[in-house]
Every structure is written in C-alpha cells, then in structure tokens.
Amino acid sequence: KGYSCSLINSRFVKPMDEEVLRRMAKTHKLFVTIEEGVTTIGAYAFWNDSESGNCCNVSTITLPSTITTIGKSAFRYYENLESINIPEGVTSIGEYAFYNCTSLESIELPDTLTYLGGEAFYNARRLKTIKLSSNLAEIRGSTFEYCVRLKSIEIPDSVTRIGGHAFYSNNS
C-alpha cells in the first residue's frame, strides 16, 4: 500500500493552524516541513522507494529560498513530480537527485548552480525544456539520459565538458 501525500504551505500560517494539523493527522501518517533557514536537503532525504510500492503522489515541491544544496538521490523516484522550484542560491545538485522523476516537464536551474551531478535528471521522460546555469562548467555523464522529449536546451559558454551519455537516447 502506498502513501497518501499532501502539501501544506505553512510558511504563511503563523501561528500554526492547529485545526488544519488535526484534520490532516486523521488522514496522514507523516508530516514533513522544510522551514526557511534550512540550507541542505541531504542525500536520500526524500527518496521514494517505488520498487517497494511506497509511491508518493507529490506533484509540486516548493523549496525555501535558503536551500543551497540538494543531495544525492534526494527526490529519486518521485514519478508524479511535475514541477519543483530550485531557488536562486542553490550551488549543488547531487547525483541521481531527480532520477526517474518521469513527470517533470521543465526545469530552470539558477545561475548560482556550479555543480550538477551525473544522472541528476536520468529518465525524466517528459522533460521538454531545460534552462542551465550560466555558471555550470560541466554536464556530467548521463545527466539527461532518457529525457526523450527534450526539445530545447541552450548550453552556456561556461560549459567546457560534456560527459558520456549526457543526452543519450534523446530522440528529439
């Protein structure tokens, strides 16, 4: 049996709305709040283990503006994720961070990003457009492998190396 997931943006509800929490606690086993001030989403932090059937139906993620690092496999297997904001200030996205996020359609990487791990967007099959950081020096191996609907990507002058299979099996 999978998980039922809901996003409550409590950033603007001060003090915390206790009635909303009581209502949600009746139907949800887990609450996750990422507050302003958090700087790192650690490795495997929200890994969605789809192989065990624990599939999360989160379609949108809004990260606080204080995030600077998204770790390895942080949102791996979020197959229903359609959009995520990656705020200005993020400097690093780890390997496999959005691996198999098959519903993502576009991604805009902030100009503060200097490290993008290999296979970060592997098998993001619906990904059509990507805006890369103007400060990115390398597109590592398999970063956008199996992004079969990719229509446009502008590679900035800052990129000096493109790894093997970076865009493998891109039919567009």
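Report follows, based on the coordinates. (Residues numbered from 1 in each chain as written. Predicted model: local features only at pLDDT ≥ 70, side-chain atom pairs only at ≥ 80, totals over all residues. Heavy atoms only, no water.)

### Notes on unusual backbone geometry
Right, on to step 1. Residue N100 is not a glycine yet carries a positive backbone phi of 65 degrees.
Right, on to step 2. Tracing the chain through its elements places N100 in the loop between β5 (92-93) and β6 (106-108).
Right, on to step 3. Looking at N100, the relative accessible area reads 11%, which means it is buried.
Right, on to step 4. A positive phi is found at Y146, a non-glycine position, where the angle reads about 65 degrees. (Helix = DSSP H or I, 4+ residues; strand = E, 2+ residues; numbered from the N terminus. Buried < 20%, exposed > 50% of the residue type's maximum accessible area, 1.4 Å probe, protein only.)

### Looking at the environment of N135
Right, on to step 1. Mapped onto the elements of the fold, N135 is located in the loop between β8 (129-131) and β9 (138-139).
Right, on to step 2. Along the chain, N135 and P110 lie 25 residues apart, while their C-alpha atoms are 9.0 Å from each other.
Right, on to step 3. Every residue in contact with N135, bar those within four places of it in the chain, is listed here: D111, L113, T114 and S158. (Contact = heavy atoms within 4.5 Å.)

### Details of a positive patch on the surface
Right, on to step 1. Together, R126, K128, R149 and K151 line one region of the surface with positive charge.
Right, on to step 2. Looking at the element boundaries, K128 is found in the loop between β7 (115-116) and β8. (Patch = residues over 30% accessible without salt bridge, like charges linked within 9 Å, V, L, I, M, F, W, Y side chains within 5 Å. Areas by Shrake-Rupley, 256 points an atom, 1.4 Å probe, with all protein chains shown as cover. Salt bridge = Lys/Arg side-chain N within 4 Å of Asp/Glu carboxyl O. Lys, Arg positive; Asp, Glu negative; His and termini not counted. Charge placed at Lys NZ, Arg CZ, Asp CG, Glu CD.)

### Some points on the packing of aromatic side chains
Right, on to step 1. Under the definition given, this model contains 13 aromatic pairs.
Right, on to step 2. Ring centres 6.3 Å apart and planes at 25 degrees place the aromatic pair W47 and Y77 in the stacked group. Note that W47 is positioned in the loop between β1 (40-41) and β2 (60-62) and Y77 in the loop between β3 (69-70) and β4 (83-85), a separation of 30 residues in sequence.
Right, on to step 3. By relative accessible area, Y77 is classed as buried at 10%.
Right, on to step 4. Considering the side-chain rings of Y146 and Y168, the 5.8 Å spacing of their centres and the 85 degrees angle between planes classify their relative orientation as edge-to-face. Of this pair, Y146 sits in the loop between β9 and β10 (152-154) while Y168 is found in the segment after β11 (161-162), placing the two residues 22 residues apart along the sequence. (Phe/Tyr/Trp six-rings, centres within 6.5 Å; stacked < 30°, edge-to-face > 60°.)

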